[in-house]
Amino acid sequence: GSHSGGFSDYDDVSQPDKEVFATEIRKGTFDENQAIDCVLKPNHCSLHNGRLIHGSNPNTGAMRRCGYTMRFISTDVKFITEGDRNEAFQIYLARGKDKANNHYGDPGKVNQKWLDRYPNGWPKGH
């Protein structure tokens, strides 16, 4: 039910070089005792609302853990890319007709803007 409270407040982590993400949900804004374990088998995944407070213990296994974020927006919404970190992201038209004059990526081609922005590999947390 944590997703029903809107977006969470975040703080910078104390040791960013040792963490995957540079921020974390503000301490004291949720009760960790209310957490429900969702143990996944190898090659399984969880699907959840992006506002759901979620996390995991450190990965001590030999295989990397991976996350994938997918968001759906109305074709009425204009995706703004200029002037911020969104410029390397692409959006794709899943169905319908674009009503906001967006520019869509080709799912069959490499996102060259992403490769140009991150020439040394994926940024932390991706």
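Predicted model only: the values in this text are computed from it and were never measured.

Visitor: Explain the overall build of the protein to me, and be specific about the residues and the numbers.
Guide: From N to C terminus, the protein includes one helix and two strands. Ordered by position in the sequence, the α and β elements of the protein form the string β-β-α. A compact globule built from 126 residues should have a C-alpha radius of gyration of about 14 Å, whereas the protein, at 17 Å, is more than 25% larger. In terms of overall dimensions, the protein has C-alpha extents of about 45 × 35 × 30 Å along its principal axes. Within the protein, counting contacts between residues at least 6 apart in sequence, those at least 24 apart form 34% of the total. Carbon together with sulfur atoms contributes 51% to the accessible area of the protein, which is approximately 11700 Å² in total.

Visitor: Help me get a handle on the side chain of T75, residues and values and all.
Guide: Note that T75 resides in the loop between strand 2 (23-25) and helix 1 (112-117). Under the relative-accessibility criterion, T75 is labelled buried at 18%. Once residues within four sequence positions are removed from consideration, T75 is found in contact with L93, R95, K97, D98, K99 and A100.

Visitor: Please provide a residue-by-residue account of the environment of Q15, values included.
Guide: With respect to the helices and strands, the residue Q15 is situated in the loop between strand 1 (10-12) and strand 2. C-alpha separation for the pair Q15 and A62, spaced 47 residues apart in sequence, amounts to 23 Å.

Visitor: Residue-level account of the packing of aromatic side chains, with values.
Guide: Applying the stated criterion to the full structure yields one aromatic pair. Considering the side-chain rings of F89 and W114, the 5.2 Å spacing of their centres and the 70 degrees angle between planes classify their relative orientation as edge-to-face. Remark: W114 occurs in helix 1 and F89 occurs in the loop between strand 2 and helix 1; sequence separation between them is 25 residues. On the basis of relative accessible area, W114 is assigned to the buried category, the value being 9%. The ring of F7 carries R51 above its face, with NZ or CZ at 3.9 Å from the centroid.

Visitor: So what's going on with the pattern of salt bridges? Residues and values would help.
Guide: Any two side chains of opposite charge can pair, given that their charged atoms come close. Summed over the entire model, instances satisfying the criterion amount to three salt bridges. Taking the shortest distance from any N to any O, the salt bridge between R26 and D9 comes out at 3.7 Å. Placement of R26 in the loop between strand 2 and helix 1 and of D9 in the segment before strand 1 is noted, with a sequence separation of 17 residues between them. Residue K27 pairs with E24 through a salt bridge whose shortest N-O separation is 2.8 Å. The class of K27 is exposed, set by a relative accessible area of 65%.

Cut-offs used in this document
- Residues numbered from 1 in each chain as written.
- Predicted model: local features only at pLDDT ≥ 70, side-chain atom pairs only at ≥ 80, totals over all residues.
- Heavy atoms only, no water.
- Helix = DSSP H or I, 4+ residues; strand = E, 2+ residues; numbered from the N terminus.
- Rg over C-alpha atoms; globule rule 2.2 N^0.38 Å.
- Contact = heavy atoms within 4.5 Å.
- Areas by Shrake-Rupley, 256 points an atom, 1.4 Å probe, with all protein chains shown as cover.
- Buried < 20%, exposed > 50% of the residue type's maximum accessible area, 1.4 Å probe, protein only.
- Phe/Tyr/Trp six-rings, centres within 6.5 Å; stacked < 30°, edge-to-face > 60°.
- Lys NZ or Arg CZ within 6 Å of the ring centre and 35° of its normal.
- Salt bridge = Lys/Arg side-chain N within 4 Å of Asp/Glu carboxyl O.

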